[in-house]
Amino acid sequence: QVQLVESGGGLVQTGGSLRLSCVASGRIFRINAMRWYSQAPGKQREVVAHISSAGNTNYADSVKGRFTISRDNAKNTVYLQMNSLKPEDTGVYYCYADVTSLPGQWASEYWGEGTLVTVSS
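Everything numeric in this text was worked out from a predicted model, so none of it was measured.

Peer 1: Can you help me understand unusual backbone geometry in this one?
Peer 2: The phi torsion of most residues other than glycine is negative, and most of the peptide bonds are trans. With a phi angle near 50°, asparagine 76 is a residue other than glycine that sits in the positive phi range. With respect to the secondary-structure elements, asparagine 76 resides in the loop between β7 (67-72) and β8 (77-82). Classification of asparagine 76 by relative accessible area gives partly exposed; the value is 24%. Within the chain, serine 84 stands out as a residue other than glycine whose phi angle is a positive 50°. Summarising the element assignment, serine 84 is placed in the loop between β8 and β9 (91-100).

Put into structure tokens, the structure is as follows:
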């Protein structure tokens, strides 16, 4: 029904930057909240950044001041600009979207397949 396609992951040195993108497609009436999660090997998946339909944002304490989440509603896209990267930022980053497919229907949650971010020391 809805697919999320991510891009932008890769290998970067400590202090470098990456920009992740996630494009939603399919049966979409409205995209509500969007989020980025990260998961290191053997660790629990955690919220990195959140953005509401109105553009209000929240960040994990560990990334405040370094990461910025944004969205382009016309493109059904959410971005994560990651600056001043640290080795502890390494992990698989997942895109999440809460989507209403039809007017008056309850929203459903969708996930991307993840993109690997590796920060070398």
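Peer 1: Sorry if this is basic, but what is going on with the layout of surface pockets here?
Peer 2: Think of a ball as big as a water molecule: rolled over the atoms, this probe shows where empty space is left. Approximately 270 Å³ is the volume found for the largest pocket. Mapped onto the lining of the largest pocket, the elements with two or more residues apiece are β4 (30-39), β5 (46-51) and β9. Ranked by the residues each element gives to the lining of the largest pocket, the list is headed by β5, at 3 residues. The residue makeup of the lining of the largest pocket, split by class, is 7 nonpolar, 6 polar and 6 charged.

What counts as what
- Residues numbered from 1 in each chain as written.
- Predicted model: local features only at pLDDT ≥ 70, side-chain atom pairs only at ≥ 80, totals over all residues.
- Heavy atoms only, no water.
- Helix = DSSP H or I, 4+ residues; strand = E, 2+ residues; numbered from the N terminus.
- Buried < 20%, exposed > 50% of the residue type's maximum accessible area, 1.4 Å probe, protein only.
- 1 Å grid on protein atoms, 1.4 Å probe; cavity = no way out; pocket = protein on both sides within 12 Å on 5 of 7 lines; lining within 4 Å.
- Points joined across faces, edges and corners; volume = space filled by probe spheres on them.
- Nonpolar A, V, L, I, M, F, W, Y, C, P; charged D, E, K, R; others polar.

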